[in-house]
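Single-letter residue listing:
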Amino acid sequence: MSATSHRYRHRALAAGAALLTLATAAGCSGLGRSAVGTFAFETARHRHIAVTNPSVKGCHRFPPAGAVSVENTTSVDVKLYTTRDCTGGSIYVPASLSDVTAPGAGPWRSFSFIH
């Protein structure tokens, strides 16, 4: 292989890699990002609810009764809040773990994913 064709081959590979990176980034940004897996919780009224592949964007509210236990089997860590708007103190629940409210504590009212 000549030096000239070797140089063009490297440029073509570099350009192809750059285009692939841009295409991948553009494709991901157009998709709604989700936490792969299931986020399940039990309400203060003993109702069990599971959400599959929830969105990682924004603040999510629990039903009005709030949640007293959660099981985070998603790929993303989550924060639980006692307020309805994901503000104030929070409890951190890593991916693949669960948590329950402390005795005498009120229910969680909202949650957000850490991404």
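Heads up: the structure comes first, above all this text.
Residues numbered from 1 in each chain as written. Predicted model: local features only at pLDDT ≥ 70, side-chain atom pairs only at ≥ 80, totals over all residues. Heavy atoms only, no water.

## Re the sheet that holds strand β2 (residues 48–52)
At step 1: Sheet architecture is open: four strands sit in the order β2-β1-β4-β7, paired in antiparallel fashion. Each end of this open sheet is capped by a strand with a single partner; those strands are β2 and β7 (97–100). Across the sheet, the axes of successive neighbouring strands diverge by a mean angle of 10°, strand direction being ignored.
At step 2: Note that strand β1 (residues 37–43) and β2 share five bridges and pair antiparallel. Paired with Thr 38 across the bridge in β2 is Thr 52. (Pairing = 2+ DSSP bridges. Helix = DSSP H or I, 4+ residues; strand = E, 2+ residues; numbered from the N terminus. Axes fitted to C-alpha atoms, helices over the stretch in contact; angles between N-to-C directions.)

## Re the nonpolar core
At step 1: The biggest cluster of nonpolar side chains holds 15 residues, and the ones touching the most others in it are Phe 39, Phe 62, Val 70, Leu 80 and Phe 113.
At step 2: If you list the elements that add at least two residues to this core, you get β1, β4 (67–74), β5 (77–81) and β8 (110–114). (Core = buried A, V, L, I, M, F, W, Y, C linked by side-chain atoms within 4.5 Å. Buried < 20%, exposed > 50% of the residue type's maximum accessible area, 1.4 Å probe, protein only.)

## What to know about the sheet that holds strand β3 (residues 59–61)
At step 1: The strand order across the open sheet built from four strands is β3-β8-β5-β6, with neighbouring strands paired in antiparallel fashion. Of all strands in the sheet, those with a lone pairing partner are β3 and β6 (90–93), marking the two edges. On average, each strand axis in the sheet is inclined to that of its neighbour by 25°, with strand direction left out of account.
At step 2: By the bridge criterion, five bridges tie β5 to β8 in an arrangement that is antiparallel. Note on β8: the bridge partner recorded for Asp 77 is Ile 114.

Read these as layout, nothing more, since geometry by itself doesn't imply function.
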